[in-house]
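So you can see what is in the structure, the chains are spelled out below.
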Amino acid sequence: MVVPAMLAMRDIRKSFAGVPANDGISFDVGEGEIHALLGENGAGKTTLMNILYGIYAADSGSIVWRGEVLGGHGPKEAIAQGIGMVHQHFMLVPTLSVSENITLGLKSRGHPFPDRRRLDTDILELSARYGLDVDPAAKVASLSVGERQRVEIMKLLYRDARLLILDEPTAVLTPGETDGLFRVLATCKGQGHSVILITHRISEVLAFADRITVLRDGARVATLEAAGATAAGLSTLMIGRELKSPARRTAPAASLPRSAAGDRAGLEARAISLRPVAGKGLQSVSFSVAPGEIFGIAGVDGNGQKELAECLLGLRIPDSGKLLFGGLPVEGLGPRQRKRRGLAYVSDDRHHDGLVLGFDLAENYLLGKLDDPRFVRFGLVDRKACLRGAGGAIADYHVKTRGPTEEVRLLSGGNQQKLILARELSSGPAIIVAFQPARGLDIGATEFVHERLLERRAAGSSVLLISSDMDELLGLADRLAVLHRGRLSPAYDNDGSLDMMRIGLLMGGQGMAEEACAS
Amino acid sequence: MSDTQGFAALLGELSTFAAASVRMAAPLLIAGLGEAISETAGILNIGLEGIMLSGAFAAFIVAWATQNVWLGIMAGIAGGMLASLLHALLGVGRRADQTITGLALNFLASGLTSYFFLMAFGRTTSLPECPVLPAVEIPLLSSIPFFGPVLFSQNPFVYFAFVATGLVWLLFRRSEWGVILHAAGENPHAADSAGLDVIRTRYVAAAANGCFGGLAGASITLGTLGFFMENVTSGKGYIALVVVILGRRQPFGVALAALLLGAADALQFRMQTGNSGIPSQVFIMFPYLMTVIVLLFSIGKTRDPASLGIPFDRGRR
Amino acid sequence: MRFLRTLGFAALVLLLVLAVAAALVIAVRADPGKAASGFLRGAFGSFYSISEVLVRATPLILAGLGVSIGFRTGFFNIGAEGQIYLGATAATAVGLLFPGLPALVLLPLALLCGFAGGGLWSAVPGFLKSRFGLSEVITTIMFNYIAINVVGILVRSVMKDPSYPLPMSPDLPEAMHLPVILEPTRLHLGLVIALVAALAVWFLMSRTAAGFRMRAVGLNPRGSLVAGISVPANLLLASALSGGLAGLAGASEITGIHHRLLEGISPGFGYVAIIAALLGRNHPGGIVIASLGIAALQVGSSSMQRASGVPSSISWIIMGVLVLLILARRPDRDRVAR
């Protein structure tokens with residue numbers, strides 16, 4: 001190192017229940033530097049930063065911050081020292097105003113009866129200086145994701161943070177918002193702030209970072225200058241092998257033998273509308289998914305994706321429009337009847353939507369088989385059949401577990417998702433709704449999920465893939481459309497002709513109206 | 001002539017009834033304000049009944065022993081705080097289920113107060129009496145027709161309830177402390193990451209709840225009854241929980257809800273005294289029935305704090 | 001290892017509870033020796049005292065089973081007390097309406113109506129929760145107060161025995177008495193019914209699809225919804241079964257012990273049943289054991305009060321301390337890795 005580092009973390013170790021999350025990581029950040037921390041899910045990036053921010057205590061290792069040793073500190077001390085963190089799950093109180101969120105925990109003048117108007121003026125001044133547009137009086141609940149992120153960054157700048165840690169900040173942003181974020185970070189850098197960027201997106205790192213540290217399996221693999229790095233080199237460092245491109249084109253949709261469903265769409269939505277609640281609704285959403293097709297719905301989270309999925313599942317009743325499974329309307333049918341019509345659902349929210357954490361594997365397997373006479377006869381559960389079924393699923397889907405009687409909460413996220421896939425896909429569903437099915441999974445598990453979906457496509461299922469991850473969509477979908485503020489763009493074929501620029505603009509809502517008119 | 005007399009009599013009736021309603025509302029309001037603070041910070045304390053009972057008993061026994069009402073009130077506050085902090089110790093400190101802890105607290109308070117009452121007095125037919133805080137007529141204001149007797153000729157607990165409503169409003173709406181309580185109940189992880197001590201904030205809220213709840217209990221024994229008997233609070237703690245829900249955890253809302261259910265209680269007493277041959281249970285039942293009916297009107301209008309009843313654990317989300 | 005820790009914890013709890021009890025006995029200046037012997041004699045001292053413990057345990061087992069079904073489905077039924085009263089009322093009504101029926105018809109009908117009475121009474125808060133999201137904790141408690149007063153009204157009006165000054169119903173026909181299974185004690189067939197109910201509840205909750213659905217709803221309502229399990233329907237079912245078992249407890253008290261409806265047929269059985277369910281970890285076997293333990297505690301305390309003047313409400317304090325101590329132990333999930 002030529003310049004003395006602003007931050008030096010040395011040989012940081014941290015284990016959870018005997019499993020090392022950080023295995024002797026060393027890491028430096030200089031003044032006015034944007035340093036990217038690159039790695040897969042589970043590589044130990046967030047753990048390392050939570051240790052720096054004082055949320056976890058390291059098992060061993062040292063942290064030197066601006067020449068002083070940090071240790072045994074909590075977030076409060078970290079903030080006082082000028083270290084601030086924007087978490088992946090925003091740390092905002094939605095029912096409070098922007099201004100109250102920004103000053104939360106500070107003893108402003110006049111404490112405990114601060115002069116709110118004065119604070120608002122200060123906030124506006126600061127926001128002008130960094131080009132961060134926020135309305136101090138607005139309730140956080142009414143803000144978009146991008147706006148909330150700006151509030152988070154303002155929170156740090158208001159506290160005079162010298163080092164900003166951002167955990168996967170672009171995961172929730174449109175391409176346009178992402179550019180905006182990096183302009184702000186450049187301004188921060190220009191004013192002498194350092195930035196640590198936690199991410200797994202190689203393209204961003206190459207475009208915006210000064211230096212890159214790559215983590216893999218809890219250990220540091222390399223630290224290098226961004227200027228000399230290449231995408232291929234970084235991805236090899238990150239995963240330890242060459243990235244395999246998904247084998248989508250093995251069985252093109254057109255060449256598939258048509259099933260008994262004939263030419264009818266497996267899943268069709270006609271002008272589904274849902275009155276907005278808290279700004280999230282659906283406006284005349286139409287699409288159809290043929291058997292043997294993966295139809296992708298792109299877009300940033302919170303634009304009506306969850307609502308659409310819940311309409312398909314039967315958890316919500318659309319205000320108008322028609323839903324058809326295999327050409328037959330499903331109005332008035334609940335989730336149970338729709339499942340009987342061949343619907344399977346794979347959600348990103350394993351803990352709430354997919355599993356009952358207090359149940360064992362066999363019971364979670366049964367959760368999707370309650371109408372299957374092999375497992376339930378005359379209202380009685382055949383426990384032995386459940387154990388056999390779960391055992392088969394464990395073997396077929398390579399679920400790492402001690403056995404079908406283990407509680408699922410003890411499984412890793414990837415293995416939990418494999419169990420859900422096994423349960424949902426083993427019955428050969430005609431329709432699959434996959435909602436961010438690989439979120440939070442490591443590369444291996446992600447590939448596994450994708451392969452299973454492609455398998456089902458080859459077997460003739462109609463797959464609806466809702467995702468905010470463009471790479472996932474481009475790798476899997478036959479056609480895709482963009483959902484923005486409850487409106488769906490026309491569908492585009494996912495082949496060489498796809499205009500990525502246009503998709504990016506649609507995700508930010510630009511061109512949405514014209515597209516809708518044109519169709 | 002007889003018309004005006006009739007009218008005057010009716011007005012008199014009405015003002016007596018309104019005054020009784022306000023008096024009956026006071027314990028509900030005081031306890032409700034405390035619970036509103038607690039719930040805003042994220043602690044659901046079903047043990048409010050136990051807190052009030054502890055307060056009522058401690059206040060009675062000390063006032064009886066020292067013949068000093070003020071010492072009794074202090075003891076009532078201490079008793080309520082002790083009970084509430086026991087709840088917090090488990091529900092905040094040990095992250096136990098707050099509903100079950102609250103229920104257990106009620107059982108314990110009921111058992112302890114009855115045990116010590118019997119220990120002190122045995123099974124007597126004549127209830128031992130303690131001094132009562134007399135009503136204070138506020139000069140000038142108490143001579144306003146109708147409103148004077150209703151609002152300004154009450155016992156000091158009632159005045160405290162009025163003042164406390166305003167103070168809690170100030171706390172919630174104008175102070176940074178209110179923002180902190182709110183953050184602790186809505187998103188404790190956000191409060192934590194902003195450097196606030198969520199656990200301490202919740203303990204403080206629990207202490208405030210105990211203080212108010214104990215005072216509410218004291219207002220029953222030292223404000224109106226002048227004696228203690230087993231389970232003297234007779235479900236008022238639970239009714240206060242409804243008052244909090246109905247008032248949407250806002251001080252003035254809580255006050256209105258308390259007045260409504262206080263009026264139900266006053267009506268019940270009034271009808272019981274009119275000797276009609278109807279079993280008194282018909283009237284005794286009335287406030288509880290009203291509570292359920294009133295609860296029906298809260299449907300869809302309240303939104304609980306997002307972390308209500310969920311113990312804070314930094315390592316978990 | 002884990003077993004040893006649990007054993008150590010149990011020993012610690014027992015020690016602390018004994019210490020609290022001793023302190024309370026000394027506080028009232030009672031003779032500890034006399035108190036202890038009074039307690040033990042009352043609970044275990046004789047054939048008769050053991051039978052009294054079993055009699056006391058019967059309604060606790062039934063209502064405790066009911067409470068546990070509610071708890072496991074996510075319906076915090078605090079209303080067993082009121083449901084016991086309603087079940088007792090319904091059973092009494094059967095006896096008063098059809099006094100001429102033969103025992104083989106009358107008795108099952110009375111028990112069935114007791115079950116239905118408690119079940120319907122509990123299904124109202126169940127409906128309010130599943131349809132409108134109203135907290136069942138509060139509504140069931142309010143329903144307790146209402147139910148007790150309803151019984152108070154009935155035994156003073158339509159159900160009153162006109163030949164007697166006290167508020168109580170007339171004696172019920174002999175055909176409606178549950179047979180005593182151990183002469184000359186009061187131990188009646190209710191105990192057998194309670195044990196059969198424990199078996200039935202175990203079977204329902206762990207062997208049937210209906211029980212599986214209820215448990216799923218209790219552990220993860222959102223996940224159940226997604227899996228196609230109706231949350232409102234299962235809450236309603238659980239509330240009805242829960243109240244039904246408490247109602248059966250009331251009917252069993254009427255047909256087995258009192259043979260008429262009167263105020264105060266339940267000295268807080270419904271509340272104690274909650275403790276029995278908690279201590280029994282919502283498992284039928286655990287509830288039977290916990291109910292027997294609590295019944296012994298209560299019967300022993302009453303005897304101790306007679307022998308040494310220690311107020312019998314000591315049993316409530318002990319139960320409260322017991323539950324709080326068990327709550328003070330961090331739940332299992334906290335010790336699991338993330």
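See the structure printed just above.
Counting of residues starts from 1 at the beginning of each chain's written sequence and follows it residue by residue. Whichever chain is written first becomes A and whichever ligand is written first becomes 1, with later ones labelled in order. With the structure being a predicted model, the display of local features is reserved for residues of pLDDT at least 70 and the display and counting of side-chain atom pairs for 80 or more, all residues being used for whole-chain, interface and lining totals.

Peer 1: Is there a simple way to think about the overall build of chain C in this case?
Peer 2: Put simply, DSSP H or I for four residues or longer makes a helix, DSSP E for two residues or longer makes a strand, and each gets a number counted from the N terminus. For chain C, the count of helices and strands is 13 helices and zero strands. For 338 residues, the compact-globule formula gives about 20 Å, and the C-alpha radius of gyration of chain C, at 21 Å, lands near that figure. Evaluated residue by residue, chain C yields a buried proportion of 58% over its 338 residues. By the criterion used throughout, residues are in contact when their C-beta atoms, derived from the backbone, lie within 7 Å. The long-range share in chain C, meaning contacts at least 24 apart out of those at least 6 apart in sequence, stands at 78%. Restricting the calculation to C-alpha atoms gives the radius of gyration, and the globule rule supplies 2.2 Å times the number of residues raised to the power 0.38. We call a residue exposed when 12 or fewer other C-beta atoms sit within 10 Å of its C-beta, buried when the count reaches 20 or more, and partly exposed for counts in between; the C-beta positions come from the backbone.

Peer 1: Teacher, can you tell me more about the overall build of chain B here?
Peer 2: Helices and strands together make up the secondary structure of chain B, namely 13 helices and zero strands. In chain B, the succession of α and β elements from N to C terminus is α-α-α-α-α-α-α-α-α-α-α-α-α. Relative to the 2.2 N^0.38 estimate, which gives 20 Å for 317 residues, the radius of gyration of chain B is 20 Å and therefore close to what a compact globule would have. Each of the three principal axes of chain B carries a C-alpha extent, and together these read 75 × 45 × 40 Å. Burial status across chain B gives 54% buried among its 317 residues.

Peer 1: Help me out: how do you make sense of the sheet that holds strand β15 (residues 328-329) of chain A in this one?
Peer 2: Hydrogen bonds between backbone groups are what pair the strands of a sheet, and the pairing can be parallel or antiparallel. Residue and element names in this part refer to chain A. Spatial ordering of the open sheet is given by β12-β11-β14-β15, a layout of four strands whose pairing is antiparallel. Looking at which strands have only one partner, the edges of the open sheet turn out to be β12 (280-289) and β15. By this definition, two strands are paired if DSSP reports at least two bridges between them. Where strand β11 (residues 267-277) meets strand β14 (residues 320-325), five bridges bridge the pair, whose relative direction is antiparallel. Bridge assignment links Glu268 to a residue of β14, and that residue is Leu324. All axes are obtained by fitting lines to C-alpha atoms, using only the stretch in contact for helices, and the reported angles, taken between N-to-C directions, cover 0 to 180 degrees. Seen against the sheet, helix α9 (residues 305-313) touches β11, β12 and β14 and runs at an angle of roughly 60 degrees to β12.

Peer 1: Hey, could you run me through the interface of chain B and chain C in this one?
Peer 2: In many analyses, interface size is given as the accessible surface area lost on bringing the parts together. Between chain B and chain C, the residue contacts involve 36 residues of the former and 37 residues of the latter. Mapped by element, the contributors of at least two residues to the side of chain B that touches chain C are α4 (98-121), α10 (236-246), α12 (281-284) and α13 (286-296) of chain B. Looking at which element gives the most residues to the side of chain B that touches chain C, the answer is α4 of chain B, with 14 residues. Tallied by class, the residues present in the side of chain B that touches chain C amount to 24 nonpolar, nine polar and three charged. Lys, Arg, Asp and Glu make up the charged group, whereas Ala, Val, Leu, Ile, Met, Phe, Trp, Tyr, Cys and Pro make up the nonpolar group; the residues left over, Gly among them, are polar.

Peer 1: Any chance you could explain the sheet that holds strand β3 (residues 34-38) of chain A here in plain terms?
Peer 2: Residues and elements named next belong to chain A. Taken in spatial order, the six strands line up as β6-β7-β8-β3-β9-β10 in an open sheet, and their pairing is mixed. Lying at the two open borders of the sheet, with one neighbouring strand each, are β6 (83-86) and β10 (219-225). Adjacent strand axes in the sheet meet at a mean angle of 15 degrees, parallel and antiparallel pairs treated alike. Judged from the four bridges that link them, β6 and strand β7 (residues 163-167) form a sheet pairing that is parallel. Bridged to Ile83 within β7 is Leu163. Its contacts with the sheet put helix α1 (residues 45-53) on β3, β6, β7, β8 (194-199) and β9 (211-216), and the angle it makes with β7 is roughly 145 degrees. Relative to β6, helix α5 (residues 145-158) is tilted by about 170 degrees, and along the sheet it contacts β6 and β7.

Peer 1: How should I be thinking about the nonpolar core in this particular structure?
Peer 2: Nonpolar side chains tend to gather and get buried jointly when the protein is soluble and globular. The biggest cluster of nonpolar side chains holds 364 residues, and the ones touching the most others in it are Val433, Leu464 and Leu465 of chain A, Val243 of chain B together with Ala63 of chain C. In terms of residues, this core owes the most to one element, helix α2 (residues 48-66) of chain B, which gives 13 residues. Not counting residues up to four positions away in its chain, the partners in contact with Val243 of chain B are Leu28, Gly32, Val254, Ala257, Ala258 and Leu261 of chain B. Here, a nonpolar core denotes buried Ala, Val, Leu, Ile, Met, Phe, Trp, Tyr and Cys residues that are linked to one another through C-beta atoms within 7 Å.

Peer 1: Help me understand the pairing of β3 of chain A, please; the structure alone is not making it clear to me.
Peer 2: Side-chain direction in a regular strand flips from residue to residue, so the side chains alternate between the two faces of the sheet. All names here are of chain A. Counting buried positions along β3 yields five of five residues, so the element is predominantly enclosed. Note that β3 and β8 share five bridges and pair parallel. Across the sheet, Ala36 pairs through a bridge with Leu197, a residue of β8.

Peer 1: Can you walk me through the packing of helix α12 (residues 284-308) of chain C against helix α13 (residues 314-328) of chain C in this structure?
Peer 2: When two helices pack together, their arrangement is captured by the angle between the axes and the distance separating the axes. Residue and element names in this part refer to chain C. Closest axis-to-axis distance for the α12/α13 pair is 9 Å, and the angle between their directions is 150 degrees. It follows from the interaxial angle that α12 and α13 lie roughly antiparallel. Here Ile294, Leu297, Gln298 and Ser301 of α12 lie close against α13, whose contacting residues are Ile314, Ser315, Ile318 and Met319. For the contact of α12 with α13, the per-class residue count stands at five nonpolar, three polar and no charged. Working definition: roughly parallel below 35 degrees, roughly antiparallel above 145 degrees, roughly perpendicular at 65 to 115 degrees, and oblique for all remaining angles.

Peer 1: I'm lost on the pairing of β10 of chain A in this one. Help?
Peer 2: Residues and elements named next belong to chain A. Pairing of β9 with β10 involves six bridges; the strand directions are antiparallel. Along β10, the bridge assignment pairs Arg211 with Glu225. The loop that links β9 with its antiparallel partner β10 comprises two residues; one of these, Asp217, has a positive phi angle of about 50 degrees.

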